[in-house]
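Overview (structure and organization)
Residue strings, one per chain:
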Amino acid sequence: MPVHRRFRNRVRIGPVEVGTYYDGRGREMHTAACTAPRCGFSADYHDRSAAELAARTHRCAA
């Protein structure tokens, strides 16, 4: 069964978008995902600051 996440508080830092959502257990999580074609970078974090740091330091290989 696919996971449907409702992102809120989204911000774009370069090609990376950072968004906040609640996981299946009700915990607040933050994700950073690159929107560049063929990049494929995405990661989940417990802290918003960690997700934003990942977005600021991400370098696309594509």
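Residues numbered from 1 in each chain as written. Predicted model: local features only at pLDDT ≥ 70, side-chain atom pairs only at ≥ 80, totals over all residues. Heavy atoms only, no water.

**Points about the pattern of salt bridges**
If charged atoms from side chains of opposite charge come close, those side chains can pair. Stated formally: Each reported salt bridge corresponds to a side-chain nitrogen of Lys or Arg within 4 Å of a carboxyl oxygen of Asp or Glu. Only DSSP runs of H or I with at least four residues qualify as helices, and only runs of E with at least two residues qualify as strands; both kinds are numbered from the N terminus onward. Classification of residues uses two cut-offs on accessible area relative to the type maximum, computed with a 1.4 Å probe and protein chains only: under 20% is buried, over 50% is exposed, and between them is partly exposed.
Tallied over the full model, the rule gives six salt bridges. Between E28 and R8 there is a salt bridge, with the nearest N and O atoms lying 2.5 Å from each other. On the criterion of sequence distance, the pair formed by E28 in strand 3 (residues 28-34) and R8 in strand 1 (residues 8-13) is long-range, its members being 20 residues apart. Accessibility expressed as a relative area gives 34% for R8, which makes it partly exposed.

**Digging into helix 1 (residues 48-57)**
The line we're drawing: This arc describes the spread of directions from the helix axis toward the C-beta atoms. Any two residues whose heavy atoms approach within 4.5 Å at even a single point are treated as in contact.
Along helix 1, the positions that sit buried rather than exposed are R48, A51, A54 and A55. Here the buried residues of helix 1 occupy an arc of 125 degrees about the axis, which is enough to place them on one side. Across helix 1 from its buried face, at more than 90 degrees, point the exposed residues S49, L53, R56 and T57. Taken together, the buried residues of helix 1 touch strand 1, strand 2 (16-22), strand 3 and strand 4 (42-45).

**A short note on the environment of A51**
As for its placement among the helices and strands, A51 is situated in helix 1. In this structure, the C-alpha to C-alpha distance between A51 and E17, residues 34 residues apart in sequence, is 9.4 Å. Apart from the residues within four sequence positions on either side, A51 is in contact with V18, H30, T31, A32 and Y45.

**What about the packing of aromatic side chains?**
What counts, and what does not: Ring geometry is summarised as follows: Phe, Tyr and Trp rings, the Trp one being its six-membered ring, pair when their centres sit within 6.5 Å, and such pairs are stacked at plane angles under 30 degrees, edge-to-face over 60 and tilted between the two.
Scanning the model with the defined rule gives one aromatic pair in all. A ring pair is formed by F7 and Y21, whose centres lie 5.5 Å apart and whose planes are at 75 degrees; its orientation type is edge-to-face. Taken together, the residues span a long stretch of sequence, with F7 in the segment before strand 1 and Y21 in strand 2 at a distance of 14 residues. On the accessibility criterion, Y21 (3% relative accessible area) is buried.

**A word on the environment of R25**
Locating R25 in the fold gives a position in the loop between strand 2 and strand 3. For the pair R25 and R56, spaced 31 residues apart in sequence, the C-alpha separation works out to 28 Å.

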